[in-house]
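Structure assessment
Letter by letter, the chains look like this.
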Amino acid sequence: MKKVVVGLSGGVDSSVAAYLLQQQGYEVIGLFMKNWHDDSVTISNECPWLEDSNDALLVAQKLGIPFQTVDLSEQYRERIVDYMFSEYENGRTPNPDVLCNREIKFDIFLKIALDLGADFVATGHYCQKSSTTVNGKEVFQLLAGADANKDQSYFLCQLSQEQLAKALFPIGHLQKAEVREIALQQGLVTAGKKDSQGLCFIGKVRLPEFLQQKLQPKPGKIVQLMADDPVFERSYSDNSDTLVLEAAPFDLAAGIPKVVGTHQGAHYFTVGQRKGLNVGGTKEPLFIIGTDVVENIVYTGLGQQHPGLWRKALKVANKEVHWVREDLRLQLHETLDVQARIRYRQPLQKAQLWQREDALYVLFDEKQSAITAGQFVAWYSGNELLGSGVIAG
């Protein structure tokens, strides 16, 4: 009998994942990961780990499976929280959920599971796994979840073949409503529980307060750039590299700024944000189009269609390029037609990958809003996620 360790989070998805594996004849062990102690930065009781671990225990008891809690808070702080602080400090916006899957669930947690003699680890992610044969060797495929509304393949975009080989996603072929129905039928305490939101394992946090634990407030100016500012005009000449030009961020410092307010630190803000500026009196909302953490300036533009928000290309430094399908990795000067997304839940966008000497470029058919340094771009062929990378500045 194959043994599988399920990451029981205290939510309905992982509860049903454990039940389904049991039905499929696996020997199932439930493990709850405690990754956070500091409740001072969480909002209300959105994700109290105590309640979650208790629900996970009740589910394990109901299913009659062994259960234990592992404290990974030290590793979580080192690998996720410290990384977050560092990225924000450098004016980039990280995605902790993607990192959490790569570094915690499918690395540290996976090693614990293997030490317990498990053949696989399983999670309640809405994604699917398949395999194909390439040159006589089995290659694993990461596929989107059947529920298009809940597909979480993006969050797993940094997984490797070695991690995928040991992963099971028991609910990936189901719709969310079906998962809740199964939980209800089996009398699982999590059947009606709301989905958790916010940071992986931390819950909803007040981001400024969270960041202020390490990043000190530093008053600075909020400036507005007009839509017709010359900095937003790309000047193409016969010998200019269109791809590099399209992917380059606008030189906002060369614009004509109008001071419209003050802020407590450029490192607290991110591109595309419109809340938290506290600047009134504009006929449309102001959106952040860029930040400069060195000069401590927040750049804004009026309205969602401001040209400073829209770009047609982005680049990923070669060292930040990750292929789930290593066999499909692009060689120098190769291109590939894909669909890509630059954030979770964004509908897939038609794009082309270009592998250059300095970086991998992603050129979209249509301009994209709020391409943000530090976030992940993931690329697909149909419903298969092929690879991903951290967006450069």
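Just so it is clear, the structure is predicted and the values come from calculations on it, not from any experiment.

This brings us to the sheet that holds strand β10 (residues 286-292). Strand order across the open sheet formed by 4 strands is β9-β8-β11-β10, with mixed pairing between neighbours. For this open sheet the edge positions go to β9 (258-263) and β10, each flanked by a neighbour on one side alone. Strand-to-strand twist of the sheet, defined as the mean angle between neighbouring strand axes without regard to direction, takes the value 30°. Pairing of strand β8 (residues 220-224) with strand β11 (residues 297-302) involves 4 bridges; the strand directions are parallel. Bridge pairing links I222 to V298 in β11.

Moving on: the packing of helix α3 (residues 73-89) against helix α4 (residues 96-115). Packing of α3 against α4 leaves a shortest axis separation of 10 Å and a crossing angle of 160°. Taken together, the axes of α3 and α4 lie roughly antiparallel to each other. Crossing handedness for the pair α3 and α4: right-handed. Residues Q75, Y76, R79, I80, Y83 and M84 of α3 form the contact with α4, whose own contacting residues are P96, L99, C100, E103, I104, D107 and I108. Grouping the amino acids of the contact of α3 with α4 by side-chain chemistry returns 9 nonpolar, 1 polar and 3 charged.

For the rest of this paragraph, the subject is the sheet that holds strand β4 (residues 120-122). The strand order β3-β2-β1-β4-β7 describes an open sheet built from 5 strands, whose pairing is parallel. In this open sheet, the two edge strands, each paired with only one partner strand, are β3 (67-71) and β7 (167-168). One ladder, built from 2 bridges, connects β4 with β7; its direction is parallel. In the sheet register, A122 faces β7, and the bridge partner there is L168. In the packing of helix α1 (residues 12-23) onto the sheet, the strands contacted are β1 (3-7), β2 (27-34), β4 and β7, and the crossing angle to β1 comes to about 165°.

Parameters and conventions
- Residues numbered from 1 in each chain as written.
- Predicted model: local features only at pLDDT ≥ 70, side-chain atom pairs only at ≥ 80, totals over all residues.
- Heavy atoms only, no water.
- Pairing = 2+ DSSP bridges.
- Helix = DSSP H or I, 4+ residues; strand = E, 2+ residues; numbered from the N terminus.
- Axes fitted to C-alpha atoms, helices over the stretch in contact; angles between N-to-C directions.
- Parallel < 35°, antiparallel > 145°, perpendicular 65-115°, else oblique.
- Left-handed = near helix turned anticlockwise from the far one by under 90°.
- Contact = heavy atoms within 4.5 Å.
- Nonpolar A, V, L, I, M, F, W, Y, C, P; charged D, E, K, R; others polar.

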